[in-house]
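Listed below, chain by chain, are the residues.
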Amino acid sequence: MYYASSANLPAIVQLSVSDVSILREQMDHYLQTHSTPSLFAYADFFSLLGTLDSQIIHGLRKNPAGKRSISQSQKNVNEIISFINRHLTEPLTLDLIAAEFHLNKDYLGRLFKEHTHATIGHYICIQRVNLAQSMLAEGQTVTQVQERLGFSSYAYFFKFFKKMTGISPSHYRKTNMKLIE
């Protein structure tokens, strides 16, 4: 079972045996491509989860009977993820997110990890690098991306990006920039 948020309504989707088989094949392919754990592999993994979430939401629109109630903790995690994604360009800390949701920060950390298998800090890093990659591929300069994402210096952004992806932001931009007409 996987849960997703569709039109701001939480939902649980029961995957068929064939869907689970397809998902396992995709994960096996992912694991073969990224045989050793790396931050780039985690970025690809969260991207894969985003794709999966989109497919689940698409399935819910086709078959709304899949909607069921979910626990409050699952609703909280959906709301936290949504909040993080809306505020990626702002400073985000565990304390700030906990205060936003009126939760104890230790409880919040455990809750998030229980449902996503990642820490909030790691999730934020992955999402920021995904956003940085999109911005670079759209043609924004490294400096523009660094400033928009709130990094205090070019050097810090460079180090962060290279650690997460294995390549420099300028190299990523050169090899992935979409043709702008």
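Given the structure is predicted, the values throughout are model-derived calculations rather than measurements. (Residues numbered from 1 in each chain as written. Predicted model: local features only at pLDDT ≥ 70, side-chain atom pairs only at ≥ 80, totals over all residues. Heavy atoms only, no water.)

Per the secondary structure count, the protein includes nine helices and two strands. Pairs at least 24 apart in sequence give 59% of the contacts found in the protein among residues at least 6 apart. On the protein, roughly 11200 Å² of surface is accessible, and the fraction owed to carbon and sulfur atoms is 54%. (Helix = DSSP H or I, 4+ residues; strand = E, 2+ residues; numbered from the N terminus. Contact = heavy atoms within 4.5 Å. Areas by Shrake-Rupley, 256 points an atom, 1.4 Å probe, with all protein chains shown as cover.)

Okay, the pattern of salt bridges next. A full pass over the atoms with the stated rule returns one salt bridge. Residues Lys105 and Asp95 are paired through a salt bridge, measuring 3.5 Å at the closest nitrogen-oxygen approach. Note that Lys105 is positioned in helix 5 (residues 105-116) and Asp95 in helix 4 (residues 94-100), a separation of 10 residues in sequence. Given a relative accessible area of 38%, Lys105 falls into the partly exposed group. (Salt bridge = Lys/Arg side-chain N within 4 Å of Asp/Glu carboxyl O. Buried < 20%, exposed > 50% of the residue type's maximum accessible area, 1.4 Å probe, protein only.)

Let us look at unusual backbone geometry. Of note in this structure, His102 is not a glycine but carries a positive phi near 55 degrees. Locating His102 in the fold gives a position in the loop between helix 4 and helix 5. A relative accessible area of 74% places His102 in the exposed class. The residue His117 is not glycine, and still its phi comes out positive at about 65 degrees. Within the secondary structure, His117 sits in the loop between helix 5 and helix 6 (120-137). Among the residues examined, His117 registers a relative accessible area of 70% and is labelled exposed.

For the rest of this paragraph, the subject is the environment of Tyr123. Summarising the element assignment, Tyr123 is placed in helix 6. Relative accessible area serves as the criterion here: at 6%, Tyr123 is assigned to the buried category. Taking the C-alpha atoms as reference points, Tyr123 and Phe112, separated by 11 residues in sequence, lie 9.7 Å from one another.

What follows deals with the confidence of the model for the protein. The predicted model of the protein averages 80 in pLDDT, with 67% of residues at 70 or higher. Within the protein, helix 4 carries the highest mean pLDDT (95), whereas strand 1 (residues 2-6) carries the lowest (45). Low pLDDT, under 50, characterises residues 1-10; the stretch is placed with 35 contacts to residues that sit more than four places away or in other chains. (pLDDT = per-residue confidence, 0-100.)

Once that is clear, we can look at the side chain of Thr116. Within the element layout of this structure, Thr116 appears in helix 5. Of the polar contacts made by the side chain of Thr116, one reaches the backbone oxygen of Phe112; its length is 2.7 Å. Within polar-contact distance, the side chain of Thr116 engages the backbone oxygen of Ala118 at 3.2 Å. If near-sequence neighbours (up to four positions away) are discounted, Thr116 is found in contact with Val77 and Ile81. (Polar contact = N/O pair within 3.5 Å; in protein donor to acceptor, adjacent residues only side chain to side chain.)

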